Amino acid sequence: MFFPFPQLEYQGLPFSGPGFSFPSWQEKGLPTASLGYRIWRCLCAGERLLLSRDSFSAIAEFFQLVLDDQLLLNSKAKDLLRLLDTARISSEAMLNNLASGLRDLGFQPPPPQPELLNWSSSGANDFQRKVRGYILCREYRDWLARVAKDMEILKRTFRGVESESQERKDCCRT
């Protein structure tokens, strides 16, 4: 997968335990990549890119918050901090690429949503900070996988393999 979680060892139990996961836990303000297959398949090109752009806008901001959290929790874990900073930078690059793609395809989207976090977002206990980081990494991994699938569909659509309207018609029958 795109983003394994080897650095959970720094978080202690239960995070470092074998088979650890929070399958349904969500973080307020962090978009989830989960979407019903039919709904996802029927999105038009602009909707796909816009949802991804807005999500990576939030993800980049959350990575800064989680990086700050981990500086408090694990300031000596340089490899973890480096990985989080790299993911933050990559999220910002993805955000820029998605915005550029929207412009190149002639879409005039509204600006990204306003900042989802404020100064009170940093007020959390250690366990909440650890959970927030875990949820962010899980969603980041899932969004990267979703964007890759979206790009496959967009590539087929814009190469003329199938027209966008035909694709939507085929998958969005009522």
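The rules we used
Residues numbered from 1 in each chain as written. Predicted model: local features only at pLDDT ≥ 70, side-chain atom pairs only at ≥ 80, totals over all residues. Heavy atoms only, no water. Helix = DSSP H or I, 4+ residues; strand = E, 2+ residues; numbered from the N terminus. Buried < 20%, exposed > 50% of the residue type's maximum accessible area, 1.4 Å probe, protein only. Contact = heavy atoms within 4.5 Å. Areas by Shrake-Rupley, 256 points an atom, 1.4 Å probe, with all protein chains shown as cover. Phe/Tyr/Trp six-rings, centres within 6.5 Å; stacked < 30°, edge-to-face > 60°. Axes fitted to C-alpha atoms, helices over the stretch in contact; angles between N-to-C directions. Parallel < 35°, antiparallel > 145°, perpendicular 65-115°, else oblique. Left-handed = near helix turned anticlockwise from the far one by under 90°. pLDDT = per-residue confidence, 0-100.

A. A look at the overall build of the protein. Scanning the protein for helices and strands turns up five helices and zero strands. With 174 residues in all, the protein has 42% of them scored as buried. For the protein, the proportion of contacts with a sequence separation of at least 24, taken over those separated by at least 6, is 83%. Accessible surface computed for the protein: about 9900 Å², of which carbon and sulfur atoms make up 56%.

B. A look at the packing of aromatic side chains. On inspection of all chains with the given rule, the structure shows four aromatic pairs. Ring geometry for Tyr37 versus Trp40: centroids 5.6 Å apart, planes at 45°, classification tilted. With Tyr37 and Trp40 both in helix α1 (residues 37–41) and three residues apart, this pair spans about one turn of that helix. Ring centres of Phe56 and Trp143 lie 6.5 Å apart, and the angle between their planes is 70°; on these two criteria the pair is classed as edge-to-face.

C. Geometry of the packing of helix α2 (residues 45–73) against helix α4 (residues 126–158). Their axes nearest at 9 Å, the elements α2 and α4 cross at an angle of 155°. Accordingly, the angle class assigned to the pair α2 and α4 is roughly antiparallel. When the axes of α2 and α4 are compared, the crossing they make is left-handed.

D. View of the confidence of the model for the protein. Per-chain confidence: the protein averages 80 in pLDDT, with 80% of residues scoring 70 or above. Per-element averaging of pLDDT across the protein places helix α5 (residues 164–171) at the bottom with 48 and helix α3 (residues 78–104) at the top with 92. Contacts for the low-pLDDT stretch residues 167–174, under 50 throughout, to residues beyond four places or in other chains number 16 contacts.

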